[in-house]
Amino acid sequence: MKKNITIAIVILGALGLITFTLMNNKKENAAKTAIVAEKNASVSVKTEAVKTEEISLDFSVNGNFEPIQELTFSAEKSGKVISVLVNEGDYVKVGQTLVIIRSDAINVNAQMAKAVYNNAQADYARYENAFNSGGVTKQQLDQAKLAMTNAGSNLKQANINVGDTKVKAPIKGFINKRYIEPGSMLTAMPVTAMFEIVNVSSLKLTVTVDESQVANLKLGGPVNVTASVYPDVNFTGKITFIAQKADSSLNFPVEIEITNSASNDLKAGMYGTAEFASKQQKQSMMVVPRNAFVGSVSSNQIFVVENGIAKLKNVTAGRILGDKVEILNGLSDNEIVIVTGQINLTDGTKVEIIK
């Protein structure tokens with residue numbers, strides 16, 4: 001019995017010693033952590049000064065060239081393709097024959113329609129003569145005229161069907177894709193695609209601009225355009241469309257039409273830049289780097305540094321000018337704004353400025 005009590009006392013003593021040691025270590029670790037935290041309380045940031053500068057109001061926007069016309073040409077009538085007269089890459093004109101469809105049955109129908117119409121014409125002439133001599137009634141004459149009119153309509157449709165056996169290009173341009181071969185069966189329902197035709201004699205460049213930029217643009221206004229593959233060549237474009245409503249990003253789509261070179265150097269899908277010139281070449285304004293804003297320019301919030309402390313300020317942003325933004329209110333010249341590291345900041349955080 002005494003032995004058991006002794007063992008229990010020893011175990012309790014050991015547990016007490018272990019608990020004391022752990023608590024002591026915890027206090028030491030907390031003290032060390034506090035020291036480290038105190039040393040690393042400041043957040044490293046980069047800064048720039050607010051400046052009033054002479055800023056050019058010219059701006060450039062990027063986009064992709066698109067053809068002025070683009071058409072996936074489908075069959076209007078069913079039939080078997082006898083011959084295809086163009087290949088991919090060929091240039092075609094409006095009205096040029098592209099495909100010939102089997103026409104023997106259609107020609108027979110047209111011949112029959114012609115015969116019926118001729119017979120109806122002859123019948124009407126006989127009834128007209130008989131009516132003048134009192135041999136037939138007015139009703140019989142009208143029926144003969146109706147039969148001739150119907151036969152004429154059928155003949156006109158039969159001739160249209162004959163013309164449809166020679167499929168013609170509805171627009172000018174290049175055959176970008178060819179989907180059929182001799183022997184292909186065309187169907188009107190569902191439609192059979194035959195060709196993709198693109199007209200690149202002119203192209204359009206669609207770009208987006210913000211509200212401060214769109215206010216100075218006019219339909220028909222000239223725009224200098226360059227292509228990334230021809231950096232030293234300037235193309236003259238004109239504004240043909242300005243959206244009346246902003247998109248989901250609060251930007252306004254603008255379309256610029258460019259006349260291609262005689263050798264069609266510009267291709268649809270190429271990367272282009274539109275350079276918009278301002279009537280007022282330069283203007284004095286207070287600006288900050290675009291990346292000084294917390295989140296995005298629309299937040300209108302910027303961190304400034306005051307005595308080593310980050311202070312969150314509400315500002316009023318003006319025009320976006322490339323990598324700079326006009327400041328209308330909320331800052332003063334030479335204030336120091338934080339341009340990197342904002343994600344780690346809250347109002348009142350200590351900061352360390354790094355170069």
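This one's a predicted model, so the numbers in the text were calculated from it and none came from an experiment.

Trainee: Please set out the environment of Thr208 residue by residue, giving values where relevant.
Mentor: With respect to the helices and strands, Thr208 occurs in strand β10 (residues 193-209). Between the C-alpha atoms of Thr208 and Leu250, which are 42 residues apart in sequence, the distance is 9.4 Å. Ignoring sequence-local partners within four residues, the contact set of Thr208 consists of Val61, Asp247, Asn251, Phe252 and Pro253.

Trainee: How would you explain the nonpolar core if you had to name every residue and give the values?
Mentor: Within the largest apolar cluster, 24 residues are counted, with the highest numbers of intra-cluster contacts made by Phe65, Ile256 and Phe276. Every element with two or more residues in this core is listed here: β3 (59-74), β10, β11 (222-227), β12 (230-242), β13 (252-259) and β14 (271-276). Take this core: its biggest share by element is five residues, from β10. Setting aside residues no more than four positions away along its own chain, Ile256 makes contact with Leu203, Lys204, Leu205, Val207, Val223, Val225, Gly237, Lys238, Ile239, Thr240, Ala274 and Phe276. Among the nonpolar cores identified, the runner-up in size contains 18 residues, and Ala75, Val81, Val99 and Ile175 belong to it.

Trainee: Could you give an account of the sheet that holds strand β4 (residues 79-84), with specific residues and numbers?
Mentor: Strand pairs in the sheet, formed through backbone hydrogen bonds, run parallel or antiparallel to each other. If you walk across this open sheet you meet the four strands as β7-β6-β4-β9, and the pairing is antiparallel. One side of each edge strand has no neighbouring strand; the edge strands of this open sheet are β7 (166-168) and β9 (185-186). Relative to strand β6 (residues 97-101), β4 runs antiparallel, the two being bridged by three bridges. Across the sheet, the residue bridging to Ser83 is Ile100, located in β6.

Trainee: Account for the pattern of salt bridges, naming residues and giving values.
Mentor: For the coordinates displayed, the defined rule picks out five salt bridges. As a salt-bridge pair, Glu53 and Lys324 come within 2.7 Å of each other at their nearest N and O atoms. Highlighted residues: Glu53 in strand β2 (residues 51-56) and Lys324 in strand β19 (residues 324-329), separated in sequence by 271 residues. Of the charged contacts in the structure, one is a salt bridge between Lys138 and Asp142, with a shortest N-O distance of 2.8 Å.

Trainee: Lay out the packing of aromatic side chains in plain terms, naming residues and giving numbers.
Mentor: Tallied over the entire structure, the rule returns two aromatic pairs. Centre to centre, the rings of Tyr91 and Phe174 are 5.2 Å apart; their planes meet at 65°, and the pair counts as edge-to-face. Highlighted residues: Tyr91 in strand β5 (residues 91-92) and Phe174 in strand β8 (residues 173-178), separated in sequence by 83 residues. A relative accessible area of 39% places Tyr91 in the partly exposed class.

Trainee: Quick one: what's the story with the pairing of β3, residue by residue and with numbers?
Mentor: Alignment of β3 against β14, held across six bridges, turns out to be antiparallel. Bridging from a neighbouring strand, Gly63 pairs with Gly272 of β14.

Trainee: Account for unusual backbone geometry, with residues named and values stated.
Mentor: Positive phi is not limited to glycine here, since Asn300 has a value of about 55°. Residue placement: Asn300 occurs in the loop between β15 (282-289) and β16 (301-306). Its identity is not glycine, yet Asn307 carries a phi of approximately 55°, on the positive side. Judged by relative accessible area, which is 80%, Asn307 ranks as exposed.

Trainee: Which residues make up the environment of Ser202, and what values do they have?
Mentor: By the secondary structure assignment, Ser202 is in strand β10. The sequence separation of Ser202 and Lys267 amounts to 65 residues, and the corresponding C-alpha distance is 9.9 Å. In this structure Ser202 touches Pro67, Ile68, Glu257, Ile258, Thr259 and Asn260, once residues within four positions along its chain are discounted.

Trainee: Kindly report on the sheet that holds β2, identifying the contributing residues and their values.
Mentor: The antiparallel open sheet is built from four strands, whose spatial order is β2-β15-β19-β18. Of all strands in the sheet, those bounded by a partner on one side alone are β2 and β18 (316-321). On average, each strand axis in the sheet is inclined to that of its neighbour by 55°, with strand direction left out of account. As paired strands, β2 and β15 are joined by six bridges and run antiparallel to one another. Following the sheet pairing, Lys51 is matched in β15 by Val287.

Trainee: Describe the confidence of the model for the chain, and please don't skip the residues or the numbers.
Mentor: Across the chain, the average pLDDT comes to 85, with 85% of residues at 70 or higher. Predicted confidence for residues 33-39 stays below pLDDT 50, and this span has zero contacts to residues more than four positions away or in other chains.

Trainee: Quick rundown of the side chain of Thr97? Include the residues and the values.
Mentor: Mapped onto the fold, Thr97 is located in strand β6. Residues within four places of Thr97 in sequence aside, it is in contact with Leu85, Lys166, Val167 and Lys168.

Rules of the game
Residues numbered from 1 in each chain as written. Predicted model: local features only at pLDDT ≥ 70, side-chain atom pairs only at ≥ 80, totals over all residues. Heavy atoms only, no water. Helix = DSSP H or I, 4+ residues; strand = E, 2+ residues; numbered from the N terminus. Contact = heavy atoms within 4.5 Å. Core = buried A, V, L, I, M, F, W, Y, C linked by side-chain atoms within 4.5 Å. Buried < 20%, exposed > 50% of the residue type's maximum accessible area, 1.4 Å probe, protein only. Pairing = 2+ DSSP bridges. Salt bridge = Lys/Arg side-chain N within 4 Å of Asp/Glu carboxyl O. Phe/Tyr/Trp six-rings, centres within 6.5 Å; stacked < 30°, edge-to-face > 60°. Axes fitted to C-alpha atoms, helices over the stretch in contact; angles between N-to-C directions. pLDDT = per-residue confidence, 0-100.

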